[in-house]
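Report on the structure
Given next are the chains, with one letter for each unit.
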Amino acid sequence: MSQQPVVKVFTPGGKFVGQFVNPVIEMYPEHHYEISGEFQDEKGLRYDKVQINPQVLPYTLDISTVKKCAHTTLQSGYIQRARHPVKILASCPAV
């Protein structure tokens, strides 16, 4: 059985915020991505609503388990929708 893709979300300081399990990823021109879906904490419990703290923005996303993406990390992640399905917009590191 194949493992579900997981996108982990971190603060700029490296603190784990939560993760998308089996996310939907839309890739847009100019290396921008939209990640949406079920958002869970480190114990696998679903958040009712993601608490947005502007002091820890922007988020970094680890997308290494998503095979269709050429990049392993996204930066400048901002929460667009805090309730389910949670949605974050992010971009590739500068090349």
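Read on for a plain summary of the structure. Here the structure is a predicted model, which means the values were calculated and not measured. (Residues numbered from 1 in each chain as written. Predicted model: local features only at pLDDT ≥ 70, side-chain atom pairs only at ≥ 80, totals over all residues. Heavy atoms only, no water.)

**Brief notes about unusual backbone geometry**
- Cis geometry is adopted by the peptide bond preceding Pro-85, which originates at His-84 and carries an omega value of -5°.
- Along the chain, Pro-85 falls in the loop between strand S5 (73-81) and strand S6 (86-91).
- Non-glycine residue Asn-22 carries a positive phi angle of around 55°.
- Along the polypeptide, Asn-22 turns up in strand S2 (residues 16-28).
- In this structure Asn-22 comes out as partly exposed when scored by relative accessible area, which is 45%.
- A positive phi angle, close to 55°, is found at Ser-76, a residue other than glycine.
- Its place among the elements puts Ser-76 in strand S5.
- The class for Ser-76 is partly exposed, based on a relative accessible area of 33%. (Helix = DSSP H or I, 4+ residues; strand = E, 2+ residues; numbered from the N terminus. Buried < 20%, exposed > 50% of the residue type's maximum accessible area, 1.4 Å probe, protein only.)

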